[in-house]
Amino acid sequence: MSVKIERVSTGIPKIDEMLAGGIPRGFAVAITGEPGTGKTIFCIHFIAEGLKRGEKGVFVTTEESRSSIIVQASQFGFDFKRGEEEKRLVIIDALMRSDKAPWTLSALNPEELVQKVIEAKKYLGYGPTRLVIDSMSAFWLDAPAMARRHSYFIKRVLSQWDMTILMTSQYAVTTSEAFGFGVEHVADGIIRFRRSVSGGVLRRFVMVEKMRWTPHDKRMYEIDIVDGKGIVVIGPTSLRKEDVALPQKVTEKIIKAKGKSEKEIGLSD
Ligand SMILES: Nc1ncnc2c1ncn2[C@@H]1O[C@H](COP(=O)(O)OP(=O)(O)OP(=O)(O)O)[C@@H](O)[C@H]1O
Ligand SMILES: [Mg+2]
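By convention here, each chain's residues receive numbers from 1 onward along its written sequence. Lettering of chains starts at A and numbering of ligands starts at 1, both following the order in which they are written. At least 70 in pLDDT is required for a residue's local features to be given in this predicted model, at least 80 for side-chain atom pairs to be given and counted, and no such filter applies to totals for whole chains, interfaces and linings, which use all residues. Note: side-chain values were computed over all heavy atoms of the structure, leaving out hydrogens and water.

## Remarks on the overall build of the protein
Link 1 in the chain: Each helix and strand counted, the protein has nine helices and 11 strands in total.
Link 2 in the chain: Working definition: with a 1.4 Å probe on protein chains only, accessible area under 20% of the residue-type maximum means buried, over 50% means exposed, and in between means partly exposed. Residues classed as buried in the protein amount to 52% of the 269 residues present.
Link 3 in the chain: By sequence separation, contacts in the protein at least 24 residues apart represent 67% of the contacts at least 6 residues apart.
Link 4 in the chain: Here the protein has roughly 13000 Å² of accessible surface; of this, 53% comes from carbon and sulfur atoms. Numbering of helices and strands runs from the N terminus, with a helix taken as a DSSP run of H or I at least four residues long and a strand as a DSSP run of E at least two residues long. Contact criterion: two residues are considered in contact whenever any of their non-hydrogen atoms come within 4.5 Å of each other. Only the protein chains shown count as cover for residues, with accessible areas throughout obtained via the Shrake-Rupley method and a probe of 1.4 Å.

## Some points on the sheet that holds strand β6 (residues 129-134)
Link 1 in the chain: Spatial ordering of the open sheet is given by β5-β4-β6-β7-β3-β8-β9-β10-β11, a layout of nine strands whose pairing is mixed. Both edges of this open sheet fall to β5 (89-93) and β11 (230-236), since each of them pairs with a single strand only. Across the sheet, the mean angle from the axis of one strand to that of its neighbour is 20°, orientation sign disregarded.
Link 2 in the chain: Any two strands with at least two DSSP bridges between them are considered paired. Here strand β3 (residues 28-33) pairs with strand β8 (residues 189-198) via five bridges, running parallel. Paired with Ile31 across the strands is Ile191, a residue of β8.
Link 3 in the chain: Angles here are taken between N-to-C directions and fall from 0 to 180 degrees, while the axes themselves are lines fitted to C-alpha atoms, restricted in helices to the stretch in contact. Relative to the sheet, helix α3 (residues 66-74) contacts β4 (56-61) and β5, its axis offset from that of β5 by approximately 130°.
Link 4 in the chain: Together, β3, β6 and β7 (163-170) form the strand contacts of helix α6 (residues 147-158), whose direction differs from that of β6 by roughly 165°.

## Some points on the site of ligand 1
Link 1 in the chain: By convention in these notes, a residue is near a molecule or strand provided one of its non-hydrogen atoms lies within 4 Å of it. In the vicinity of ligand 1 there are 16 residues, among which Gly36, Lys39, Thr40, Arg204 and Asp227 approach most closely.
Link 2 in the chain: For the purposes of these results, a polar contact is taken to be a pair of N or O atoms within 3.5 Å, where, inside protein, one atom must be able to donate a hydrogen and its partner to accept one; residues adjacent in sequence count only when each atom of the pair is a side-chain atom. At 3.1 Å from an oxygen atom of ligand 1 is found a main-chain nitrogen or oxygen belonging to Gly38.
Link 3 in the chain: Taking Gln75, its side chain carries an N or O atom lying 2.8 Å from a nitrogen atom of ligand 1.
Link 4 in the chain: Burial of ligand 1 by the protein amounts to 71% of the accessible area it has alone, namely 650 Å².
Link 5 in the chain: Broken down by secondary-structure element, the contributors of at least two residues to the shell around ligand 1 are α2 (39-52) and β10 (221-226).
Link 6 in the chain: Throughout, the ten residues Ala, Val, Leu, Ile, Met, Phe, Trp, Tyr, Cys and Pro are labelled nonpolar, Asp, Glu, Lys and Arg are labelled charged, and all others, Gly among them, are labelled polar. Looking at the shell around ligand 1 residue by residue, the class counts come to five nonpolar, seven polar and four charged.

## Focus: the nonpolar core
In globular proteins that are soluble, nonpolar side chains generally tend to be buried together.
Link 1 in the chain: Throughout this description, the term nonpolar core refers to a set of buried Ala, Val, Leu, Ile, Met, Phe, Trp, Tyr and Cys residues connected via side-chain atoms within 4.5 Å. Counting 36 residues, the largest nonpolar core has Phe42, Phe59, Phe80, Leu166 and Ile191 as the members making the most contacts within it.
Link 2 in the chain: Per element, the largest residue contribution to this core is eight residues, and it comes from α2.
Link 3 in the chain: Judged by nonpolar contacts, the second largest core, of 30 residues, contains Ile92, Leu124, Met136 and Ile165.

## Observations regarding the pattern of salt bridges
Link 1 in the chain: By convention in these notes, a salt bridge is any Lys or Arg side-chain nitrogen within 4 Å of a carboxyl oxygen on Asp or Glu. Scanning the entire structure with this criterion turns up 18 salt bridges.
Link 2 in the chain: Close ionic contact of Arg82 with Glu86 constitutes a salt bridge, the shortest N to O distance being 3.0 Å.
Link 3 in the chain: Taking relative accessible area as the criterion, Arg82 reaches 45% and is therefore assigned partly exposed.
Link 4 in the chain: The exposure class assigned to Glu86 is partly exposed, which follows from its relative accessible area of 36%.
Link 5 in the chain: Asp188 serves as the salt-bridge partner of Lys155, at 3.2 Å between the closest nitrogen and oxygen. Placement of Lys155 in helix α6 and of Asp188 in the loop between α7 (178-186) and β8 is noted, with a sequence separation of 33 residues between them.

## Some points on the packing of α2 against α3
The relative placement of two packed helices comes down to the angle between their axes together with the axis-to-axis distance.
Link 1 in the chain: For the pair α2 and α3, the least separation of the axes is 10 Å and the interaxial angle reads 75°. With respect to α3, the axis of α2 lies roughly perpendicular. Contacts between α2 and α3 involve Thr40, Ile41 and Ile44 from the former and Ile69, Gln72 and Ala73 from the latter.
Link 2 in the chain: In terms of residue class, the contact of α2 with α3 is built from four nonpolar, two polar and no charged. Put simply, angles under 35 degrees are roughly parallel, angles over 145 are roughly antiparallel, angles from 65 to 115 are roughly perpendicular, and the rest are oblique.

So this is what it looks like as structure tokens:
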């Protein structure tokens, strides 16, 4: 008989179904994808679902300000301001770093991040807590080869604090996948968002690429982002891989960059 696993709802029923019930409690999951594919909005759903269930939330935002996250959440019917007022949510603003902000980071480094998150967790008190780090890439902008080491450090320290974690990692053709590479290996799971343009229209997709302990769905699902609602799963798609894959030339470049970054930190030879 296998050990019973407690699963954490993502806030999107269809994605929970794809995950055989949700994300195992205590996991650190990488949320990856190109710009504008829905990573931040997925993280907002995840935090909102926790608040709804009486759990605590910590949202670290590096690319958008705290108020931008509050506005975005409100467009889907989630009241993050109230969460803060009720001391159930802390938004750590790592973009608008000012002395006036109650929760901010003095520097964009993993040690500072971990320290602040623990401070927030202590402030929120006992109980299951959801943590979002959006995005992890910001912590090694000037040293992409450190991605794996930093991710490992962050996961190792924070996993002792009873938190289920989403860590977003961007990848764009211009930055090369080397940015996100470290997170994805260290993570217990990978949920990948994608996009494509067909018939002149932007389409978005989500796929569970990895989830330890989970007989997850292996199909790609088309999603939509709807005002007032957020992420809506349309259904599995029969799209061919070529429709959403990066061009061959780009893939080769990414593979080359990956090899280099692994070598730089001595993880492979
Ligand atoms: N109120 C809304 N109604 C419908 N769609 C919206 C609404 N707000 C945002 N969107 C869509 O969601 C997109 C942004 O999604 P999101 O912020 O989750 O992307 P992301 O994957 O986090 O991107 P990045 O890597 O740049 O941070 C917008 O570009 C827009 O298409
Ligand atoms: Mg984002």
